[in-house]
Structures are given as structure tokens and as C-alpha cells.
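# Breakdown of the fold
Listed here are the chains, written in short residue letters.
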Amino acid sequence: MAKQRLGARTGNRRLAAEGRTETAEARLLRTKDMIKATARKIRREFRSAR
């Protein structure tokens, strides 16, 4: 986020793009972690229901 703002302020398009890429990657990793946690929870609940 800081890179993106700095790049926008200074007109450095490459730096701004790096910031956007890092932000998007962080969002994807958080989503991936949430999906894995949900899958673990479902598996746990499914096993206990048997």
C-alpha cells in the first residue's frame, strides 16, 4: 500500500504497479487461508457427524 501511494505521488508508475501487485497478492493469500480454514472446519464437522 505504501509503495502504491508513493508511486502515485511521485508519478513512478512502476512503483505504483508493484504496490498494486503486492496488495492483490496479499488479498489472494488471505482468501486462500480462509478457504483452507473453512475446509478444515467442514472436514472436522463431517468426521464428528459420522
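Below is a short write-up of the structure. (Residues numbered from 1 in each chain as written. Predicted model: local features only at pLDDT ≥ 70, side-chain atom pairs only at ≥ 80, totals over all residues. Heavy atoms only, no water.)

## Points about the packing of helix H1 (residues 2-10) against helix H2 (residues 13-49)
Interaxial distance between H1 and H2 falls to 7 Å at its minimum, and their mutual angle equals 160°. What the angle tells us is that H1 and H2 run roughly antiparallel. Like other packed secondary-structure pairs, H1 and H2 cross with a definite hand, here left-handed. From H1, Lys3, Gln4, Leu6, Gly7 and Ala8 reach across to H2, where they touch Leu15, Ala16, Glu18, Gly19, Arg20, Glu22 and Thr23. (Axes fitted to C-alpha atoms, helices over the stretch in contact; angles between N-to-C directions. Helix = DSSP H or I, 4+ residues; strand = E, 2+ residues; numbered from the N terminus. Parallel < 35°, antiparallel > 145°, perpendicular 65-115°, else oblique. Left-handed = near helix turned anticlockwise from the far one by under 90°. Contact = heavy atoms within 4.5 Å.)

## Examining the environment of alanine 16
Within the secondary structure, alanine 16 sits in helix H2. By relative accessible area, alanine 16 is classed as buried at 9%. Each C-alpha atom of the pair alanine 16 and arginine 44 lies 42 Å from the other, and the pair is 28 residues apart in sequence. Excluding anything up to four places from it in sequence, alanine 16 contacts Lys3, Gln4, Gly7 and Ala8. (Buried < 20%, exposed > 50% of the residue type's maximum accessible area, 1.4 Å probe, protein only.)

## Considerations on the pattern of salt bridges
The tally for this structure, following the rule as stated, stands at two salt bridges. The closest approach of N and O atoms between lysine 3 and glutamate 18, which form a salt bridge, is 3.2 Å. Here lysine 3, found in helix H1, pairs with glutamate 18, found in helix H2; they are 15 residues apart in sequence, far enough to count as distant. Residue class for lysine 3 comes out partly exposed when judged on its relative accessible area of 31%. In this structure, lysine 3 engages glutamate 22 in a salt bridge whose closest nitrogen and oxygen atoms are separated by 3.0 Å. Remark: glutamate 22 occurs in helix H2 and lysine 3 occurs in helix H1; sequence separation between them is 19 residues. Via salt bridges that share partners, Lys3, Glu18 and Glu22 belong to a single interconnected network. (Salt bridge = Lys/Arg side-chain N within 4 Å of Asp/Glu carboxyl O.)

## Examining H2
The first and last C-alpha atoms of H2 sit 54 Å apart over 37 residues, in line with the 54 Å expected at 1.5 Å per residue. Every buried residue of H2 is listed here: Leu15, Ala16, Gly19 and Thr23. Looking at the buried side of H2, the elements it contacts are H1. Backbone nitrogen of arginine 14 and a side-chain oxygen of the N-cap are separated by 3.2 Å at the start of H2; the cap is asparagine 12. (Expected span 1.5 Å × (residues − 1). Polar contact = N/O pair within 3.5 Å; in protein donor to acceptor, adjacent residues only side chain to side chain.)

Just distances and angles here, no functional claims.
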